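Listed below are the residues making up each chain.
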Amino acid sequence: MSTDPVDPTDATSPTGPDDPSDTTPRPAAAWTDAELDAIGTAEELEIASLHSDGTTLGSGRTVWVVREGDDLYVRSVNGPGSDWYRASRVREAGRVTAGGVTREVTFQTVADPGLNDAIDEAYQRKYSAYAARVLAHITSDSAASTTIRLLPH
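Here the structure is a predicted model, which is why all the values come from computation and not from measurement. (Residues numbered from 1 in each chain as written. Predicted model: local features only at pLDDT ≥ 70, side-chain atom pairs only at ≥ 80, totals over all residues. Heavy atoms only, no water.)

Trainee: Mind showing me how you'd approach the pairing of strand S3 (residues 65-68) here?
Mentor: Put simply, side chains in a regular strand alternate between the two faces of the sheet. When S3 meets strand S4 (residues 71-74), the two strands line up antiparallel, connected through four bridges. When the sheet's bridge partners are listed, Glu68 is paired in S4 with Asp71. Hairpin geometry of S3 and S4 is characterised by an intervening segment of two residues between the two adjacent antiparallel strands and by a positive phi of about 65 degrees at Gly69. (Pairing = 2+ DSSP bridges. Helix = DSSP H or I, 4+ residues; strand = E, 2+ residues; numbered from the N terminus.)

Trainee: What's the story with helix H3 (residues 113-126) in this structure? I'm lost.
Mentor: Each α-helix turn comprises 3.6 residues. Residues three or four places apart therefore point the same way. When the terminal C-alpha atoms of H3 are compared, their 20 Å separation across 14 residues agrees well with the 20 Å that a helix rising 1.5 Å per residue should span. For H3, the full list of buried residues reads Leu115, Asn116, Ile119, Asp120, Ala122 and Tyr123. Down the axis of H3, the smallest arc covering the buried residues is 165 degrees, so these residues share one side. Facing away from the buried side of H3, by more than 90 degrees, are the exposed residues Pro113 and Arg125. Against the buried residues of H3 lie S3, S4, helix H4 (132-138), helix H5 (141-144) and strand S7 (148-152). A side-chain oxygen of the first residue of H3 lies 2.8 Å from the backbone nitrogen of Gly114; this N-cap is Asp112. (Expected span 1.5 Å × (residues − 1). Buried < 20%, exposed > 50% of the residue type's maximum accessible area, 1.4 Å probe, protein only. Arc of directions from axis to C-beta. Contact = heavy atoms within 4.5 Å. Polar contact = N/O pair within 3.5 Å; in protein donor to acceptor, adjacent residues only side chain to side chain.)

Trainee: Looking at this structure, I do not really get the environment of Asp83. What am I missing?
Mentor: Among the structural elements, Asp83 can be located in helix H2 (residues 83-91). For Asp83, a relative accessible area of 48% translates into the label partly exposed. Separated by 24 residues in sequence, Asp83 and Ser59 have C-alpha atoms that sit 9.9 Å apart. Separated by 2.3 Å, the side chains of Asp83 and Arg86 make a polar contact.

Trainee: Could you clarify how one ought to interpret the nonpolar core in this entry?
Mentor: Considering soluble globular proteins, one finds that nonpolar side chains tend to be buried as a cluster. Ranked by size, the top nonpolar core spans 19 residues in total, and within it Trp31, Ile39, Leu45, Ile47, Val74 and Leu150 carry the most contacts. The element contributing the most residues to this core is strand S6 (residues 101-109), with three residues. The residues contacting Leu45, other than those within four sequence positions of it, are Ile39, Arg61, Thr62, Val63, Val65, Val74, Val96, Thr97, Ala98 and Leu150. (Core = buried A, V, L, I, M, F, W, Y, C linked by side-chain atoms within 4.5 Å.)

Trainee: Which parts of the structure should I look at to understand the sheet that holds strand S5 (residues 93-98)?
Mentor: The seven strands lie next to each other as S2-S1-S5-S6-S7-S4-S3, forming an open sheet whose pairing is antiparallel. In this open sheet, the two strands that pair with only one neighbour each are strand S2 (61-63) and S3. Mean inter-strand twist for the sheet, computed between neighbouring axes without regard to direction, equals 40 degrees. In terms of strand pairing, strand S1 (residues 45-49) meets S5 through four bridges, oriented antiparallel. Within S5, the position partnered with Ser49 by the bridge is Gly94. (Axes fitted to C-alpha atoms, helices over the stretch in contact; angles between N-to-C directions.)

Trainee: Would you mind going over the packing of aromatic side chains with me for this structure?
Mentor: Each aromatic ring pair is summarised here by two numbers: the centre-to-centre distance and the angle between the ring planes. Applying the stated criterion across every chain, the model contains five aromatic pairs. Ring geometry for Trp64 and Tyr130: centres 4.8 Å apart, planes at 55 degrees, overall tilted. Within this pair, whereas Trp64 is found in the loop between S2 and S3, its partner Tyr130 is found in the loop between H3 and H4, the two being separated by 66 residues in sequence. When the ring of Tyr123 is compared with that of Tyr127, the centres are 6.1 Å apart and the planes differ by 25 degrees; the resulting orientation is stacked. Its relative accessible area of 0% is what places Tyr123 among the buried residues. An aromatic cluster of three or more residues is present, and its members are Trp64, Tyr123, Tyr127 and Tyr130. (Phe/Tyr/Trp six-rings, centres within 6.5 Å; stacked < 30°, edge-to-face > 60°.)

Given below as structure tokens:
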């Protein structure tokens, strides 16, 4: 599967908004300020990917979440081999819960080195109370390669 998802709003995409065979979940809304605040300040986020049937959620995993601007991001501290990360790449959709907020989301891979640097800094700011060795794992190149933007539905 490509790490660059097809833009469903792009008229040149092989499947787009008018293609009835396209079952890709689409973000229908932006995060509200209250959701960004609640999730962005939550210590942890529960994330679950959809199974291949497109309706059943897999087992949830607890991960760290950071806010950068008006977006929320997660990473796999164990890199691309972790089960939850691999499941997120298969269906690219699921559900997140944190700070009293539960939302259906699309998982969008982030491959922008400049943005990943900003996300590293966000992790370091938010989780600065943790040991440096712990922060080194979440800001490692391996973890950065798994950066996912959470797009709400």
